[in-house]
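Letter by letter, the chains look like this.
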Amino acid sequence: MIKKIGRPIFLGLVLAFMYVPVLMLIVYSFTDATHIGAIRGFSLHNYVTLFTTRDLVDMIVGTILLAIGSSVLATVLGTLGAIGAFYSGRKRRAFTESLNQIPVINADVVTGFSICILLVVVLGIAKDSYVPLVVGHVTLGAPFVYLSVIPRLKQMDPSLYEAALDLGATPRTALRKIIIPQILPGIISGFMLSVTLSLDDYFIATYTKPATFDTISTYVVNATKGAQTHIKTALWALTTVIFLLVVLIVIVMNVSAGRKEERSNEKVL
């Protein structure tokens, strides 16, 4: 009896801890309130401010372009690294997997500071070139792409690649027509995870970004220290937009996965 009652209560507390703060911001984003406390009348002025203020629009567009561009590079490097490690010898594969774990476990502040020291101080690459920022986000995302692709490679039948070579296909053709289609779900998952990490990153961007450029994370942190009230409340609307987009993406992915599973079950039957 205690277990039956305790499990729903515990689950409800966990969900409340995760989602109540976000839901509060969503509610306040549709009001005239200037701070969290008293709810005023319904208004869309926060959304108007969000999409009409030049600084906010530039910040959002720049963050999205950075996330997509760095994630494409991270996906290419992570996928090639996973394929290379998978078809290497046991010792080399174990060594590569160990190296891949370091950026995953390492604190972002250490990664960002190290990249800043190496590229900016040692190599003399200016932050205004955006190279340190892109390198930092690629370094952040590539290990997670690797971790998303490796399980797919392990599930794949290794004889398919060998059979393609025996039938006359070149290694490049076998890679493009045999391996990539088999591991494509892992590549997509790695890319989406890399985009999420890039959008969420604060420490690496702080150490490597140009002085005139802000990502969503750095802008939000700086805005809490002294931005105008209408800018702070517009960020509530930004939180709502991001949250609803994530929910929509998750729903679409789950529905798509469910349909694929139903089709595969129908083929089996």
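This one's a predicted model, so the numbers in the text were calculated from it and none came from an experiment.

(A) Here's a closer look at the nonpolar core. Grouped together as the largest cluster of nonpolar side chains are 16 residues, with contacts concentrated most on Ala82, Val149, Leu153, Ile179 and Ile183. Only helix H3 (54–86), helix H6 (131–155), helix H7 (159–166) and helix H8 (171–200) provide two or more residues apiece to this core. Per-element accounting of this core gives the leading share, five residues, to H6. Listed in part, the 13 residues of the second largest apolar core include Leu56, Ile216, Ala223 and Leu235.

(B) Main features of the packing of aromatic side chains. All chains considered together, the criterion is met by eight aromatic pairs. Plain terms: the ring middles of phenylalanine 113 and tyrosine 207 are 5.6 Å apart, the flat faces sit at 70 degrees to each other, and that makes the pair edge-to-face. Here tyrosine 207 lies in helix H9 (residues 203–208) and phenylalanine 113 lies in helix H5 (residues 108–122), a separation of 94 residues in the sequence. A relative accessible area of 28% places tyrosine 207 in the partly exposed class. Residues tyrosine 130 and phenylalanine 213 carry aromatic rings whose centres are separated by 5.5 Å and whose planes lie at 80 degrees to one another, so their mutual orientation is edge-to-face. Of the two residues, tyrosine 130 is situated in the loop between H5 and H6 and phenylalanine 213 in the loop between H9 and helix H10 (216–226); the sequence distance between them amounts to 83 residues. Through a chain of ring-to-ring contacts, three or more aromatic side chains come together here, namely Phe30, Phe42 and Tyr47. The ring of phenylalanine 86 has arginine 93 sitting right over it, with the charged end atom 5.5 Å from the ring centre.

(C) Representation of the layout of surface pockets. Roughly 880 Å³ of internal volume is contained in the largest pocket. Lining the largest pocket we find 24 residues, and of these Thr196, Leu199, Ile242, Leu245 and Val246 sit closest to its centre. Listing elements by their share of the lining of the largest pocket, those giving two or more residues are helix H2 (45–52), H3, H8, H10 and helix H11 (229–268). Residue contributions to the lining of the largest pocket peak at eight residues, all from H11. Of the residues in the lining of the largest pocket, the class split is 21 nonpolar, two polar and one charged. The computed volume of the second largest pocket comes to approximately 350 Å³.

Cut-offs and rules
Residues numbered from 1 in each chain as written. Predicted model: local features only at pLDDT ≥ 70, side-chain atom pairs only at ≥ 80, totals over all residues. Heavy atoms only, no water. Core = buried A, V, L, I, M, F, W, Y, C linked by side-chain atoms within 4.5 Å. Buried < 20%, exposed > 50% of the residue type's maximum accessible area, 1.4 Å probe, protein only. Helix = DSSP H or I, 4+ residues; strand = E, 2+ residues; numbered from the N terminus. Phe/Tyr/Trp six-rings, centres within 6.5 Å; stacked < 30°, edge-to-face > 60°. Lys NZ or Arg CZ within 6 Å of the ring centre and 35° of its normal. 1 Å grid on protein atoms, 1.4 Å probe; cavity = no way out; pocket = protein on both sides within 12 Å on 5 of 7 lines; lining within 4 Å. Points joined across faces, edges and corners; volume = space filled by probe spheres on them. Nonpolar A, V, L, I, M, F, W, Y, C, P; charged D, E, K, R; others polar.

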